[in-house]
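Residue strings, one per chain:
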Number of protein chains: 2
Amino acid sequence: MRIFVDAMGGDFAPQAPVAGAIEALRRFPQIDITLAGDLSQVEPLLVDCDDVRSRITLVDAPEVITNEESPVMGVRRKTRSATVIGMLMLRNKEVDGFVSAGSTGAVMAGGMFRLGRIPGIERPALAPLMPNGKGHFLLIDCGANVDCQPHFLQQFGLLGDAYMKGVMGMEKPRVGLINIGAEAEKGNALVKATYPLMEQAPYHFVGNVEARDITGDVADVLVADGFCGNLVLKFMEGVAGTLMGIIKKEMMADLRGKIAGLIGKPAFRRVKKLMDYTEVGGAPLLGVQGAVVKAHGSSNGHALSCAIAQVIKMIEGDVVGIIEKGVAEMLPADQQA
Amino acid sequence: MRIFVDAMGGDFAPQAPVAGAIEALRRFPQIDITLAGDLSQVEPLLVDCDDVRSRITLVDAPEVITNEESPVMGVRRKTRSATVIGMLMLRNKEVDGFVSAGSTGAVMAGGMFRLGRIPGIERPALAPLMPNGKGHFLLIDCGANVDCQPHFLQQFGLLGDAYMKGVMGMEKPRVGLINIGAEAEKGNALVKATYPLMEQAPYHFVGNVEARDITGDVADVLVADGFCGNLVLKFMEGVAGTLMGIIKKEMMADLRGKIAGLIGKPAFRRVKKLMDYTEVGGAPLLGVQGAVVKAHGSSNGHALSCAIAQVIKMIEGDVVGIIEKGVAEMLPADQQA
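Numbering of residues starts from 1 in each chain and follows the order in which that chain's sequence is written. Numbering of ligands from 1 and lettering of chains from A proceed in the order in which they are written. For this predicted model, a pLDDT threshold of at least 70 governs which residues receive local features, and a threshold of 80 or more governs which side-chain atom pairs are given and counted, while totals over whole chains, interfaces and linings are taken from all residues. Side-chain figures throughout are based on the complete set of non-hydrogen atoms in the structure, without hydrogens or water.

Q: Can you walk me through the pairing of strand β8 (residues 174-179) of chain B in this structure?
A: For a regular strand, side-chain orientation follows a simple rule: the groups alternate between the two sheet faces. All names here are of chain B. Three labels apply to residues, based on accessible area from a 1.4 Å probe with only protein chains included: buried if under 20% of the type maximum, exposed if over 50%, partly exposed otherwise in between. Counting from the N terminus, the helices are DSSP H or I runs at least four residues long and the strands are E runs at least two residues long. Most of β8 sits inside the fold, with five of its six residues counted as buried. At least two DSSP bridges between two strands are needed for those strands to be called paired. Of the strand pairs in this sheet, β8 and strand β9 (residues 204-210) are connected by six bridges, and their pairing is parallel. Its bridge partner being in β9, G176 is matched across the sheet by G207. The sheet contact formed by β8 and strand β10 (residues 221-223) spans three bridges and is parallel. Paired with L177 across the two strands is V223, which belongs to β10.

Below, the structure is given as structure tokens:
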């Protein structure tokens with residue numbers, strides 16, 4: 001199994017992606033890695049890795065699509081970027097999976113226009129796994145598609161269902177629709193029109209999920225348009241950060257609190273680990289014709305190795321195949337090829 | 001100053017509203033209260049309040065608009081409900097303010113169709129004050145208007161601005177637009193079209209606010225359509241609850257954590273108080289021709305007295321007058337009467 005790793009993506013590139021690749025090669029004997037980037041920067045980092053060096057193939061990709069430029073233009077113009085090279089290699093089956101901590105827009109655009117969508121899927125979506133204290137739920141879409149139509153959301157459910165089956169080994173993932181009320185007739189025009197479509201879809205639709213229940217382990221896949229999904233993703237981070245800040249401040253406010261904080265440190269550390277995204281890896285880009293994971297921009301080496309672990313699971317669990325089968329079930333007979 | 005209190009609204013009616021009214025009369029010597037409800041239930045509760053009894057006027061309102069029925073139909077049919085009676089009394093200046101912990105939809109519909117909108121305001125909005133650890137921000141709209149047009153959002157900014165000026169005494173509240181990115185060109189079609197309208201509005205627009213910064217004290221008024229606003233409102237509750245639950249569980253997991261929890265109790269209690277909605281009161285309904293506060297359905301007596309305190313501040317701060325002035329500034333000359 002061969003995984004493509006973008007060595008130039010993310011806040012700590014190329015150090016973090018290279019370190020992540022080496023860690024992953026040691027963790028997973030079944031893989032080889034194609035490492036693409038500016039070789040003058042990447043090669044010097046390949047030290048102390050003689051044990052896995054033979055399983056690394058280097059590809060020169062001196063261009064980088066940054067967060068500041070238009071992703072679509074970047075993908076069109078920067079043909080020597082790791083994003084474009086990797087997506088084309090994935091399309092040509094030269095690699096089996098793709099991991100990048102670079103520009104989200106570039107990964108999306110590369111997936112859409114260089115790798116290509118799964119036939120029948122209208123909008124690929126980014127779907128991070130989010131912690132809820134007990135385990136994780138998949139949030140789809142988290143920002144790729146800000147203006148959606150009802151059948152996009154119906155398909156997001158299918159994509160999420162396939163991921164949870166293939167990667168998490170769930171038999172019957174619970175798919176919920178994020179809404180402002182539990183009843184079928186609640187919501188804005190978009191979700192009201194989506195509800196009956198999800199009822200007809202070939203997955204286990206559990207109905208509307210109110211925002212206060214998102215972290216309540218009532219669904220494994222939570223569907224929203226990219227605008228609302230992004231709100232949920234980032235607000236969770238914000239509220240958790242604010243609350244932990246308040247707790248810290250109140251504990252530091254007097255001696256008694258300080259002592260409690262000191263004694264409670266291991267418990268707080270466990271809480272932090274439970275809420276930590278780096279253990280999960282990254283967000284899969286679902287709906288494209290290959291296994292693609294977008295790692296968090298601030299990923300360190302370990303987080304990148306976890307993203308590589310995730311793409312391995314996507315390949316082994318045949319997520320793309322499950323989606324293809326689901327699409328065939330969902331499309332009306334006259335639209336099937 | 002006379003405040004109308006719906007004695008039949010909320011999960012703990014009529015006990016909580018009656019207790020809240022009595023508490024408020026003791027806290028605020030400048031007010032009288034009109035208490036409306038099923039008098040056979042309300043009157044027996046007026047015990048041990050001889051000190052304020054003469055400042056209470058009872059009004060018989062035997063009907064209740066429940067959460068289960070259509071608010072618009074409820075307001076139309078149940079003319080003997082406290083909601084309808086109170087809104088008409090407010091319209092006729094028989095009372096100066098209105099407080100209810102009853103059906104949100106009924107308060108909205110009553111405000112729209114019995115009390116009436118401020119001329120020029122298209123959509124009244126519910127706007128709870130939310131804690132951010134340092135103080136509060138006003139979230140507008142939190143669910144009344146799920147499908148919005150850009151100029152509704154522009155007006156929400158005006159409504160929130162007036163509240164923060166009149167009630168919180170702010171000179172120049174910072175008004176932000178909830179979005180998925182900080183840049184002006186980010187977002188879905190709605191917020192992209194809203195941005196330039198808010199730039200032109202007669203309040204201090206500070207631009208887009210990403211969800212991770214909502215609780216970061218970067219704006220005093222945060223504008224969103226009612227669908228997204230409701231997500232934010234309820235997700236905050238959900239995440240905070242989940243996180244506190246995880247912390248509790250991890251602290252109870254070993255002896256060390258248990259001891260820390262015990263010693264840290266006062267600090268945790270302060271955190272809880274900081275995040276507590278009952279101290280704030282309720283959500284003002286802004287854009288209607290009078291001071292209206294919708295208290296949380298689960299309000300106890302103290303929370304209801306805080307909601308009464310809030311409506312007093314709205315009256316004293318002339319929030320309705322400030323909105324009227326703002327509308328006049330905002331409307332193009334040809335639309336002004």
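Q: Even after reading the chapter, I still don't get the relation of the copies chain A and chain B, so can you show me in this structure?
A: Mapping one chain copy onto the other needs a rotation about an axis and a shift along that axis. A residue counts toward the fit only if its pLDDT is at least 70 in both copies, and the copies are then superposed by least squares on the C-alpha atoms of those residues. For the match of chain A to chain B, the screw axis carries a shift of 0.0 Å, the RMSD comes to 0.1 Å, and the turn is 180°. A rotation of that kind, with that shift, is consistent with a two-fold axis. Minimal C-alpha distance to the rotation axis in chain A is attained by A260 of chain A, lying at 2.1 Å. Interface overlap between copies is the fraction of interface residues in one copy that are interface residues in the other; for chain A against chain B it reaches 100%, indicating a shared surface. In what follows, residue pairs with any heavy atoms lying within 4.5 Å of each other are defined as contacts.

Q: What is the right way to read the sheet that holds strand β11 (residues 282-286) of chain A from this model?
A: All names here are of chain A. Taken in spatial order, the seven strands of this open sheet run β3-β2-β1-β4-β12-β11-β5, and their pairing is mixed. For this open sheet the edge positions go to β3 (56-60) and β5 (125-126), each flanked by a neighbour on one side alone. When strand β2 (residues 32-37) meets β3, the two strands line up parallel, connected through five bridges. Residue pairing across strands places L35 opposite L58, the latter belonging to β3.

Q: Please clarify how the interface of chain A and chain B should be interpreted in this entry.
A: For interface size, the figure often reported is the accessible area lost on association. Listed per partner, the contact involves 50 residues of chain A and 50 residues of chain B. When two parts are put together, the accessible area they lose, computed with a 1.4 Å probe and summed over both, is reported as buried area. Contact with chain B buries area across many residues of chain A, yet I180, F227 and F235 of chain A alone supply 15% of it, more than any other trio. By definition, a salt bridge exists where a carboxyl oxygen of Asp or Glu is found within 4 Å of a side-chain nitrogen of Lys or Arg. Summed over the shared surface of chain A and chain B, the result is eight salt bridges. When the shortest N-O distance is used, the salt bridge between R270 of chain B and D254 of chain A registers 3.6 Å.

Q: Looking at this model, I keep getting lost on helix α8 (residues 226-252) of chain B. Mind explaining?
A: Think of an α-helix as turning once every 3.6 residues; residues three or four places apart then point the same way. Residue and element names in this part refer to chain B. Between the first and last residue of a helix there are one fewer steps than residues, each counted as 1.5 Å, and that sum is the expected span. Between the first and last C-alpha of α8 there are 39 Å, a value that for 27 residues agrees with the 39 Å anticipated at 1.5 Å per step. Within α8, 19 of the 27 residues are buried, which leaves the element mostly enclosed by the surrounding structure. A side-chain oxygen of the first residue of α8 lies 2.8 Å from the backbone nitrogen of F227; this N-cap is D225. Any pair of nitrogen or oxygen atoms within 3.5 Å is treated as a polar contact; in protein, a donor-acceptor pairing is required on top of that, and neighbouring residues in sequence qualify only through side-chain atoms on both sides.

Q: How should I be thinking about the packing of aromatic side chains in this particular structure?
A: Two descriptors summarise a pair of aromatic rings, namely the distance from one centre to the other and the angle between the planes of the rings. Working definition: rings of Phe, Tyr and Trp (its six-membered ring) pair if their centres are within 6.5 Å, and the pair is stacked with planes under 30 degrees apart, edge-to-face with planes over 60 apart, and tilted otherwise. One pass over the structure, following the stated rule, counts five aromatic pairs over all chains. Between the aromatic rings of F235 of chain A and F235 of chain B, the centroid separation amounts to 6.4 Å while the plane-to-plane angle is 45°, which identifies the pairing as tilted. Of this pair, F235 of chain A sits in helix α8 (residues 226-252) while F235 of chain B sits in helix α8, which puts the two residues in different chains. Note on Y195 of chain B and F205 of chain B: the rings are 5.1 Å apart at their centroids and 75° apart in plane angle, and the pair reads as edge-to-face. Residue Y195 of chain B is found in helix α7 (residues 189-200), and its partner F205 of chain B is found in strand β9; the two are separated by 10 residues along the sequence. Its relative accessible area of 14% is what places F205 of chain B among the buried residues.

Q: Please clarify how the pairing of strand β2 (residues 32-37) of chain B should be interpreted in this entry.
A: Residue and element names in this part refer to chain B. Counting buried residues in β2 gives five out of six residues, a clear majority hidden from the surface. Relative to β2, strand β1 (residues 2-6) runs parallel, the two sharing five bridges. Counterpart to V5 in the pairing with β2 is L35.

Q: Any chance you could explain helix α4 (residues 82-91) of chain A here in plain terms?
A: Residue and element names in this part refer to chain A. Burial runs high along α4: eight of the 10 residues are buried. Among the residues making up α4, those that are buried are A82, T83, V84, I85, G86, M87, M89 and L90. Once α4 ends, the next one or two residues include K93, with phi positive near 60°.

Q: I tried to follow the sheet that holds strand β4 (residues 97-100) of chain B on my own but got confused; where do I start?
A: The strands making up a sheet associate through backbone hydrogen bonding, with each pair oriented either parallel or antiparallel. All names here are of chain B. Pairing in this open sheet of seven strands is mixed, and the strands run β3-β2-β1-β4-β12-β11-β5 from one edge to the other. The open sheet has two edge strands with one neighbour each: β3 (56-60) and β5 (125-126). The sheet contact formed by β4 and strand β12 (residues 291-295) spans four bridges and is parallel. Looking at the pairing, G97 lines up with A291 of β12. Note on geometry: axes are lines fitted to C-alpha atoms, helical ones only across the stretch in contact, with angles between N-to-C directions running from 0 to 180 degrees. This element, helix α1 (residues 15-27), spans β1, β2 and β3 of the sheet and lies at about 175° to β2. Helix α5 (residues 104-115) rests against β4, β5, β11 (282-286) and β12 of the sheet, and its axis sits at about 165° to β12.

Q: When you look at the pattern of salt bridges in this model, what are you seeing that I'm missing?
A: Pairing between side chains of opposite charge can happen when the charged atoms of each approach one another. For the structure shown, the criterion picks out 28 salt bridges over all chains. In this structure, the salt-bridge partner of R80 of chain B is D60 of chain B, at a minimum N-O distance of 3.7 Å. Taken together, the residues R80 of chain B in the loop between α3 (71-77) and α4 (82-91) and D60 of chain B in strand β3 connect sequence positions 20 residues apart. Since its relative accessible area comes to 38%, D60 of chain B is described here as partly exposed. The network of salt bridges with shared partners includes E210 and R212 of chain A together with K234 and E237 of chain B.

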